[in-house]
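An overview of the molecular structure
Next come the chains, spelled out residue by residue.
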Amino acid sequence: MPRGRYSLHDPHDHTPVADEHFHCAPGPSGWRYVSQLTTPSGDHAGSVDLALDDLGRPIRLELHAASWQVRGAALDGVTWVRTDPTGTYATEGNVRAHAFTGTSPAFLIATARLLRLTVPASATRVRLVALTDPVLAPRTVDQSWTLLDSEAHATDNGPLTVDAYQVTALDTGEQHTVHISGDVVLAAPGIELEDLDSPPSTFR
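Worth saying up front: this structure is predicted, and the values here are computed from it rather than measured. (Residues numbered from 1 in each chain as written. Predicted model: local features only at pLDDT ≥ 70, side-chain atom pairs only at ≥ 80, totals over all residues. Heavy atoms only, no water.)

The final tally for this structure, using the stated rule, is five aromatic pairs. Taking 5.9 Å as the distance between ring centres and 45° as the angle between the ring planes, the aromatic pair formed by Trp31 and Tyr33 counts as tilted. The same class applies to Trp31 and to Tyr33, which are both buried. Between Trp80 and Phe100, the ring centres sit 6.4 Å apart and the planes meet at 80°, which makes this aromatic pair edge-to-face. Of the two residues, Trp80 sits in strand β7 (residues 78-83) while Phe100 sits in strand β9 (residues 99-101), which places them 20 residues apart along the sequence. Taken individually, Trp80 and Phe100 each receive the classification buried, so the pair is uniform in this respect. Following the ring pairs from residue to residue traces out a cluster consisting of Tyr6, Phe22, Trp31 and Tyr33. Of note, Arg82 hangs over the ring of Trp68, and the distance from its end group to the ring centre comes to 3.9 Å. (Phe/Tyr/Trp six-rings, centres within 6.5 Å; stacked < 30°, edge-to-face > 60°. Buried < 20%, exposed > 50% of the residue type's maximum accessible area, 1.4 Å probe, protein only. Helix = DSSP H or I, 4+ residues; strand = E, 2+ residues; numbered from the N terminus. Lys NZ or Arg CZ within 6 Å of the ring centre and 35° of its normal.)

Laid out in structure tokens, this is it:
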């Protein structure tokens, strides 16, 4: 069960945004990721609880940020409820999409798990509902994912396979590279892995 800490920053000007303290693990029916976020000054900034089934679909998502909360799952596409603490402004949503995405590294792992790309492969298109900070506003986005390379690196704990993905935003054409090993993001725009207390888990 990997535990560790990501530092999150603005991918454009590198301003620190938050630290995400996480643990994650595969289970008999899928994978679960749980994290707590803190601001650069140490204040609580939110949380992530994401569970996937064995096919990589989100069977439960609970996000907290600022004073907003989203609960969602894969149901007729993806379905969610977004609410404030009092429930006064609760809204429901449903989109014919494959999964959710957001600033947490968990969503990169989830998308990679859902697509299960191999090398060599052509670009695969995926529709996601992005829950954007700080108010978790939902926005439908289309991306293209390509697995560029899968390479084993020698470590003290045995070989570590690192997958390099090219992710393209289809509305703007902007491209970036994401490096993933098992269920841990090693590097991505706005994301740095700062601490990891055990090797990444490998999916069956």
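Here the structure, examined in full by the defined rule, presents nine salt bridges. In this structure, the salt-bridge partner of Asp19 is Arg5, at a minimum N-O distance of 3.4 Å. Of this pair, Asp19 sits in strand β2 (residues 16-27) while Arg5 sits in strand β1 (residues 3-9), and the two are 14 residues apart along the sequence. Among the salt bridges present, the one from Arg57 reaches Asp53, with a minimum N-O distance of 2.7 Å. Several salt bridges converge on common partners, so that one network encompasses Arg5, Asp19 and Asp195. (Salt bridge = Lys/Arg side-chain N within 4 Å of Asp/Glu carboxyl O.)

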